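Survey of secondary and tertiary structure
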Amino acid sequence: MRTHALLQCLFVSVALTTLGPAKLAAQSTVTYLSNRAPLHPNAYLELPLGAIKPKGWLREMLVRQKEGATGNLDKLYPLVMNNRNGWLGGDGDQWERGPYWIDGLLPLAYLLDDQALIAKTKPWVEWAIASQQPDGYFGPSKDYGPEPGLQRDNSRDWWPKMVMLKILKQYYSATGDKRVIRLMTNYFRYQLRELPAKPLDHWTFWARYRGGDNLMIVYWLYKITGDKFLLDLGDLIHKQTFNYTNAFLNTDMLTKMGSIHCVNLAQGIKVPVIYYQHHPEKKYLDATHKGFADIRKYNGMAHGLYGGDEALHGNNPTQGSELCSAVEMMFSLESMLEITGEVGYADHMEKIAFNALPAQISDDFMTRQYFQQANQVMATRHARNFDVNHSGTDLCYGLLSGYPCCTSNMHQGWPKFTQNLWYATPDKGLAALVYSPSEVKAVVGDGTAVSFSEETNYPFGETIKFTLTTSKSVAFPFHLRIPEWCKKGTVKVNGTVWQEGSGNQVVILKRTWKTGDVVELALPMHVFKNNWYENSLSIERGPLTYALKIGEEIKRVKNEKDPIDYGDSYDEIRPTTPWNYSLIQVPDAALEASYTVEKKLQVAAFPWNPENAPLQIKTKAVRIPGWQLYNEMAGPIPYSVMYNPETAAQQEEITLIPYGCTTLRIAQFPVTGGR
């Protein structure tokens, strides 16, 4: 049974992803990796790395990563990413940064079928596999003395191994290399022996909060091997991991500032759902739902994340949100979507991917911010009201500004997003649950290999077209998500309406399909609003939040003060147009009339900047003269709706563009009028 499962997974990883449309053929023995008893069945099944290919603007994002920092971090950041790195056997950085980079570089390489990038990942994979010791331990094992810019201690810490386990899982998915299974089996036996005496927080506290990343790989390996000791190890890891279930259900942790590290929360939010696979009790799902609700209520912001700079820090729109939080929360949501199939997780993942993520990284993928602000009117070197300040560089766009963890970790965002656009289904079908231009090759129904081409300008466009290629007619179900924000979606098959449905559901099309069949999904978008801190207002449409378009002056600063810590240079950005606007209060029924949506005829290959923004919204606003800069930020936001506010006499027309297209912005506006 164990050998059969290995062969099945190996075939799917290696053979299926290389099939071209002309070679699609029946492969009746192929199945996808699903939970084996006693693990609870998951709602959806992961496709092998390489089965999904990006197209359109999404491919452009990945190509920019390849040509930018992701493909060149060894040259751009040689202090950490060169041959001295401990994960290459050197005496340099021994901890998380090297694995962080490869956790994004490896899936990017296989998604693009880029042999040069694949070759760049090989030394890291090969060294990790070869490093395994007779007792099962793998990875760096020797600490070194301090050296500026490097983390040379805690080499045996459990936490960085968790990142490398994620890498090896992806590598196995793409190649079927059985050495990964041997390494993980031996290492997990080592963990089962060692964790009682050296628990997750033995070296540092990070592993205690991030144990879910370890647990998910344990359960993944159990799907393949069925080794019973893995379930015992899973229970032990969960016991030693911070108790998120209790914290979400029974404590006030998420209501209190400073209570938990922002990235620990982004990674830990999935822990109850991961554990649910072995212990399918409702409390684990309930805990996660309450956790998200409390994050939204007490710390939430219009870009889909929360105030965490670095500790949890409330919902004032000038509090920071860390880039690592964005990519780790996306990965958590992707993991929970696969397990539960809940539409809300896909909605939330899109909110972060289409708003927070592109705004925090430069167009050429060479620089990024450590923190972003929902209301960001100046990105300069200046100490602000953050929990952690790195000599004031946290908002500057640089390679190392703020702190280098994000330099190393930002690379996983778009590749893993791409990997989770499509899933196999337990009913031998396919599911498109997150939308972007792409192509997928998979096996469905009676074992027939098929491909779908997904053509769309989503999230800017409202229609998604799926075209099927298959070697023969085949019956299988096709799952499509209608997001919660959509009032009524429409599904057409070959031009005929198949089904209409309200938001927050998955529509399942069960029929016999033939090559050339076309499915069209229409998701009409409407303008709506959300309320935030001090009753501020965000304007949203579909999965996009809209923000004030602000003129920008960019200044490259040569850093002669502390280049080892914060890089040789960074960009400061200042506004050249007013930003202190208040929206005019209008009833919900008048939103469409008050906010005029303007669309470009064609979406640019790279849409994520003010010049290329495919959509804009025009509306009336009034300036608030007293709302000015404070500490090189937008000052305290006026309360909405204030009685008798001091405003300019004349209304002005302002332009809102998608949040992800902005660098400077107001995304949470004060509101005047109506009192």
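For the structure, see preceding data.
We now turn to the structure provided with this report. The model shown is predicted, which means the values in this text are computed figures rather than measured ones.

1. Describing the overall build of the chain
Within the chain, the secondary structure is distributed over 21 helices and 28 strands. For 675 residues, the compact-globule formula gives about 26 Å, and the C-alpha radius of gyration of the chain, at 25 Å, lands near that figure. By principal-axis analysis of the C-alpha atoms, the chain measures approximately 75 × 70 × 50 Å. Restricting the contact set of the chain to residue pairs at least 6 apart, pairs at least 24 apart contribute 72%. Carbon together with sulfur atoms contributes 50% to the accessible area of the chain, which is approximately 23400 Å² in total.

2. Re the sheet that holds strand 12 (residues 489–493)
The strand order 1-8-9-10-15-12-13 describes an open sheet built from seven strands, whose pairing is antiparallel. One side of each edge strand has no neighbouring strand; the edge strands of this open sheet are strand 1 (52–54) and strand 13 (496–501). In this sheet, neighbouring strand axes are inclined to one another by 20 degrees on average, regardless of whether the strands run parallel or antiparallel.

3. Re the pairing of strand 8 (residues 438–444)
When a strand is regular, its side chains alternate between the sheet's two faces. Most of strand 8 is tucked away, with six of its seven residues classed as buried. Sheet topology note: the strand 1/strand 8 ladder contains three bridges and is antiparallel. Paired with Ile52 across the two strands is Val440, which belongs to strand 8. Bridge count between strand 8 and strand 9 (residues 448–456): seven bridges; the pairing is antiparallel. If you follow Val440 over to strand 9, its bridge partner there is Phe452. Linking strand 8 back to strand 9 in an antiparallel pair, the connection comprises three residues, with Gly445 at a positive phi of about 55 degrees.

4. Some points on the packing of aromatic side chains
All chains considered together, the criterion is met by 44 aromatic pairs. Ring plane angle 80 degrees and centroid distance 4.9 Å describe the contact between Phe242 and Tyr244, whose orientation is recorded as edge-to-face. Residue class for Phe242 comes out buried when judged on its relative accessible area of 15%. On the basis of an interplanar angle of 85 degrees and a centroid distance of 5.4 Å, the ring pair of Trp414 and Phe417 is categorised as edge-to-face. Pair noted here: Trp414 and Phe417 are both in helix 19 (residues 413–419), with a separation of three residues, about one helical turn. Exposure remark for Trp414: the relative accessible area of 2% places this residue in the buried category. You can call Phe417 buried: its relative accessible area is 0%.

5. Some details on helix 11 (residues 229–240)
Look at helix 11: 17 Å from first C-alpha to last across twelve residues, which is about the 16 Å you get at 1.5 Å a residue. Across the twelve residues of helix 11, nine count as buried, placing the element largely inside the fold. Tucked into the core, helix 11 has its buried residues touching helix 8 (179–194), helix 9 (206–209), helix 10 (211–225) and helix 14 (271–276).

6. Some remarks on the nonpolar core
Counting 208 residues, the largest nonpolar core has Phe188, Phe466 and Phe478 as its most contacted members. Excluding anything up to four places from it in sequence, Phe466 contacts Trp422, Ala432, Tyr435, Phe452, Ser453, Glu454, Phe478, Leu480, Asp517, Val518, Val519 and Leu521.

7. Quick word on the environment of Pro524
Tracing the backbone through its elements, the reader meets Pro524 in the loop between strand 15 (518–522) and strand 16 (527–531). In sequence terms Pro524 and Arg541 are 17 residues apart; their C-alpha atoms lie 9.6 Å from each other. Contact partners of Pro524, with chain neighbours within four places excluded, come to Glu462, Trp485, Cys486, Lys488 and Gly489.

8. Notes on the sheet that holds strand 7 (residues 430–432)
Pairing within the open sheet is mixed, and its four strands lie in the order 6-7-11-14. Among the strands making up the open sheet, the edge pair consists of strand 6 (422–424) and strand 14 (505–513). The average undirected angle you get between the axes of adjacent strands in this sheet is 20 degrees. Here strand 6 pairs with strand 7 via three bridges, running antiparallel. Across the sheet, residue Ala424 finds its bridge partner in strand 7, namely Leu430.

9. Focus on the packing of helix 15 (residues 282–299) against helix 16 (residues 323–340)
Packing of helix 15 against helix 16 brings their axes to within 13 Å, and their N-to-C directions diverge by 145 degrees. Handedness of the crossing formed by helix 15 with helix 16: left-handed. For the pair helix 15 and helix 16, the contacting residues are Leu285, Thr288 and Phe292 in the first and Met329, Leu333, Met336 and Thr340 in the second. Per-class residue counts for the contact of helix 15 with helix 16 are five nonpolar, two polar and no charged.

10. As for empty space enclosed by the protein
This model, assessed by the stated rule, comprises two cavities of 30 Å³ or more. By volume, the largest cavity amounts to about 340 Å³. Along its surface, the largest cavity is lined by 20 residues, and Glu46, Lys169, Met216, Ser335 and Glu338 are the ones closest to its centre. Only helix 7 (158–175), helix 10, helix 16 and helix 19 provide two or more residues apiece to the lining of the largest cavity.

11. Concerning the layout of surface pockets
By volume, the largest pocket is sized at about 790 Å³. As for the largest pocket, its lining consists of 28 residues, of which Arg296, Gly344, His348, Lys351 and Glu484 are closest to the centre. Sorting the residues of the lining of the largest pocket by element identifies helix 15, helix 16, helix 17 (343–359) and strand 16 as the ones contributing at least two each. The residue makeup of the lining of the largest pocket, split by class, is 14 nonpolar, eight polar and six charged.

12. Comments concerning helix 16
The terminal C-alpha atoms of helix 16 lie 26 Å apart, and with 18 residues this matches the ideal 26 Å at 1.5 Å per residue to within 8%. Looking at the residues trailing helix 16, positive phi occurs at Gly341, about 75 degrees.

13. What to know about the environment of Arg481
The residue Arg481 is located in strand 11 (residues 474–482) in this model. Assessed through its relative accessible area of 0%, Arg481 is described here as buried. With 245 residues separating them along the chain, Arg481 and Leu236 place their C-alpha atoms 36 Å apart. A distance of 2.8 Å separates the side chain of Arg481 from the side chain of Glu350, its partner in a polar contact.

14. Here we look at the pattern of salt bridges
Within the structure shown, the criterion is met by 36 salt bridges. Here Asp562 and Arg381 are joined by a salt bridge, their closest N and O atoms 2.7 Å apart. You can see Asp562 sitting in the loop between strand 19 (552–558) and helix 20 (563–566) and its partner Arg381 sitting in the loop between strand 4 (375–376) and strand 5 (397–398), a full 181 residues away along the chain. The same class applies to Asp562 as to Arg381, namely buried. Of the charged contacts in the structure, one is a salt bridge between Glu560 and Lys558, with a shortest N-O distance of 3.9 Å. Lys558 gets classed as exposed once you look at its relative accessible area, which sits at 66%. Linked by salt bridges that have partners in common, Asp103, Lys166, Asp213, Lys270 and Lys416 make up one network.

15. Comments concerning the state of the cysteines
According to the stated counting rule, one finds zero disulfides in the structure shown. Here Cys324 stays unpaired: no disulfide links it, and the sulfur of Cys406, its closest cysteine neighbor, is 3.4 Å away.

Calculation criteria
Residues numbered from 1 in each chain as written. Predicted model: local features only at pLDDT ≥ 70, side-chain atom pairs only at ≥ 80, totals over all residues. Heavy atoms only, no water. Helix = DSSP H or I, 4+ residues; strand = E, 2+ residues; numbered from the N terminus. Rg over C-alpha atoms; globule rule 2.2 N^0.38 Å. Contact = heavy atoms within 4.5 Å. Areas by Shrake-Rupley, 256 points an atom, 1.4 Å probe, with all protein chains shown as cover. Pairing = 2+ DSSP bridges. Axes fitted to C-alpha atoms, helices over the stretch in contact; angles between N-to-C directions. Buried < 20%, exposed > 50% of the residue type's maximum accessible area, 1.4 Å probe, protein only. Phe/Tyr/Trp six-rings, centres within 6.5 Å; stacked < 30°, edge-to-face > 60°. Expected span 1.5 Å × (residues − 1). Core = buried A, V, L, I, M, F, W, Y, C linked by side-chain atoms within 4.5 Å. Left-handed = near helix turned anticlockwise from the far one by under 90°. Nonpolar A, V, L, I, M, F, W, Y, C, P; charged D, E, K, R; others polar. 1 Å grid on protein atoms, 1.4 Å probe; cavity = no way out; pocket = protein on both sides within 12 Å on 5 of 7 lines; lining within 4 Å. Points joined across faces, edges and corners; volume = space filled by probe spheres on them. Polar contact = N/O pair within 3.5 Å; in protein donor to acceptor, adjacent residues only side chain to side chain. Salt bridge = Lys/Arg side-chain N within 4 Å of Asp/Glu carboxyl O. Disulfide = S-S within 2.5 Å.

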